[in-house]
Amino acid sequence: MKYRILGSLFLSSTLVLAACGNGSDSSDSDTKSEKKDDTKSSSQVVKDLQSSAKDVKSYHTDNKIEVSAEGEDSQTVEVGMDVDEKETAKLDMDQAGQKMSIYVQGDKMLAKVDDQWVD
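Summary of the structure given here.

About the cut-offs
Residues numbered from 1 in each chain as written. Predicted model: local features only at pLDDT ≥ 70, side-chain atom pairs only at ≥ 80, totals over all residues. Heavy atoms only, no water. Helix = DSSP H or I, 4+ residues; strand = E, 2+ residues; numbered from the N terminus. Buried < 20%, exposed > 50% of the residue type's maximum accessible area, 1.4 Å probe, protein only. Contact = heavy atoms within 4.5 Å. Pairing = 2+ DSSP bridges. Axes fitted to C-alpha atoms, helices over the stretch in contact; angles between N-to-C directions. Salt bridge = Lys/Arg side-chain N within 4 Å of Asp/Glu carboxyl O. Phe/Tyr/Trp six-rings, centres within 6.5 Å; stacked < 30°, edge-to-face > 60°. Polar contact = N/O pair within 3.5 Å; in protein donor to acceptor, adjacent residues only side chain to side chain.

Section: the overall build of the chain
For step 1, the next point in the chain: Per the secondary structure count, the chain includes three helices and six strands.
For step 2, the next point in the chain: Moving toward the C terminus, one meets the helices and strands of the chain in the order α-α-α-β-β-β-β-β-β.
For step 3, the next point in the chain: Buried residues in the chain amount to 16% of all 119 residues.
For step 4, the next point in the chain: If you take every contact in the chain between residues at least 6 apart in sequence, the share linking residues at least 24 apart comes to 27%.

A closer look at the sheet that holds strand E6 (residues 116-118)
For step 1, the next point in the chain: With respect to topology, six strands assemble into an open sheet ordered E1-E2-E3-E4-E5-E6, the strand pairing being antiparallel. The two strands at the open ends of the sheet, each matched to only one other strand, are strand E1 (59-67) and E6. Each strand axis lies, on average, 15° off the axis of its neighbour in the sheet, ignoring direction.

Considerations on unusual backbone geometry
For step 1, the next point in the chain: With phi around 55°, Ala96 is a residue other than glycine that occupies positive phi space.
For step 2, the next point in the chain: Mapped onto the elements, Ala96 comes out in the loop between strand E3 (88-95) and strand E4 (98-105).
For step 3, the next point in the chain: Since its relative accessible area comes to 67%, Ala96 is described here as exposed.
For step 4, the next point in the chain: Phi angles above zero are rare outside glycine, and Asp114 is one such case at about 45°.
For step 5, the next point in the chain: Here Asp114 lies in the loop between strand E5 (108-113) and E6.
For step 6, the next point in the chain: The class for Asp114 is partly exposed, based on a relative accessible area of 38%.

Topic: the pattern of salt bridges
For step 1, the next point in the chain: Throughout the structure, instances matching the rule amount to two salt bridges.
For step 2, the next point in the chain: Measuring nitrogen to oxygen at the nearest pair gives 2.6 Å for the salt bridge that ties Asp48 to Lys40.
For step 3, the next point in the chain: For Asp48, a relative accessible area of 27% puts it in the partly exposed group.
For step 4, the next point in the chain: Asp92 is the partner of Lys90 in a salt bridge, and the nearest nitrogen-oxygen pair spans 3.4 Å.

Focus: the packing of aromatic side chains
For step 1, the next point in the chain: For the structure shown, the criterion picks out one aromatic pair.
For step 2, the next point in the chain: Ring centres 5.9 Å apart and planes at 35° place the aromatic pair Tyr103 and Trp117 in the tilted group. Linking Tyr103 in strand E4 with Trp117 in strand E6, this pair joins segments that are 14 residues apart in sequence.
For step 3, the next point in the chain: What makes Tyr103 partly exposed here is its relative accessible area of 31%.

Concerning the side chain of Ser101
For step 1, the next point in the chain: Structurally, the position occupied by Ser101 is in strand E4.
For step 2, the next point in the chain: Looking at Ser101, its side chain comes within polar contact range of the side chain of Asp92, at 2.6 Å.
For step 3, the next point in the chain: Residue contacts for Ser101: discarding those within four places in its chain leaves Leu91, Asp92, Leu110, Ala111 and Lys112.

Keep in mind these numbers describe shape, not what the thing actually does.
This is how it looks when you write it as structure tokens:
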């Protein structure tokens, strides 16, 4: 159950962030007005996603996240997550060539950082 909640929150935040960056290249004012009428609020998007995710038994996500600090160059963090019907989760991350995998099943967790296992 906790993986469904985690997955729902992860997917919700991904969709909300994606919706915030969605722009239109169309210069037709009628088209823009129609799109505004069809636009859902972020809270409605989250509610719709949570409703749709109730029957999900497994899922996979892939994300690229740009991370930057003031005065520093940005870095891309690649994150992938798999959750199956047995509520086993695997999270893979890669930042600047440093790779980390986390495996969770029940109350057990293992991590692998640059080919070194950590428990």
